[in-house]
Amino acid sequence: MAEALSAGRRTVHRIYVSAGRTTNRIEPILSLAGSRGIPVATAAPERLLTMAGNEGHQGICAAVSLYPEADLGQILNQTQNHTQDQTRKAGEEKGHFLLVLDGIEDPQNLGALLRTALCAGVDGAIIPRDRAASPVPSVSKASAGAMEHLLVATVTNIARTLEELKAEGIWIAGLAREGEA
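Residues numbered from 1 in each chain as written. Predicted model: local features only at pLDDT ≥ 70, side-chain atom pairs only at ≥ 80, totals over all residues. Heavy atoms only, no water.

S.K.: Looking at this structure, how should I read the overall build of the protein?
M.R.: Broken down by element type, the protein carries seven helices and six strands. Listed N to C, the secondary structure of the protein is α-β-α-β-α-β-α-β-α-β-α-β-α in terms of helices and strands. A burial count over the protein gives 33% of its 181 residues as buried. Across the protein, every contact between residues at least 6 apart in sequence was considered, and the portion connecting residues at least 24 apart equals 77%. (Helix = DSSP H or I, 4+ residues; strand = E, 2+ residues; numbered from the N terminus. Buried < 20%, exposed > 50% of the residue type's maximum accessible area, 1.4 Å probe, protein only. Contact = heavy atoms within 4.5 Å.)

S.K.: I tried to follow the sheet that holds strand E6 (residues 151-155) on my own but got confused; where do I start?
M.R.: Strand pairing in a sheet relies on backbone hydrogen bonds, with the paired strands running either antiparallel or parallel. On the basis of which strands lie adjacent, the open sheet formed by three strands has the order E4-E5-E6 and parallel pairing. Bordering the open sheet on either side are strand E4 (98-100) and E6, each of which pairs with just one other strand. In this sheet, adjacent strand axes meet at a mean angle of 20° when their direction is disregarded. With five bridges joining them, strand E5 (residues 124-128) and E6 adopt parallel strand pairing. In the sheet register, Pro128 faces E6, and the bridge partner there is Val155. Strands E4, E5 and E6 of the sheet are contacted by helix H7 (residues 158-167), whose axis makes an angle of about 145° with E5. (Pairing = 2+ DSSP bridges. Axes fitted to C-alpha atoms, helices over the stretch in contact; angles between N-to-C directions.)

Shown next, in the form of structure tokens:
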């Protein structure tokens, strides 16, 4: 939740805290929410369980807007702007660094990959719309909030998207679980 607040990409409508559950971990979140005028309410543990859908809520939940999915153009434009900034600083051209995932169905795995991607400096992630995990709250939690900072585009056809990236002059490297060494 702290990452959703600090990233500022979603609207946080209200934060709910379990009655009598103010910890050192929750206090900074409540302080940040207060500085941004976000209402905070106490809720019974049962209500938090219902809101979170599982017992892993750690005594705090939030009502937020949907995750702001990007489109491929936004990722490439953001990457281009980032590239121009980096070029001015370093005196060299920086290429696109994108993560394209196909067939990742487990939200925990998607979250771990997005967390690793953000740490590695990936500019954006591209995932398929069908037969794959989507950017939902469990993915954000598994990503340790990294999903809140990373542009993620959902596309209809990964193969067509890779062709579009190649047409933009972006180099493509791939890995397959069933590939040979």
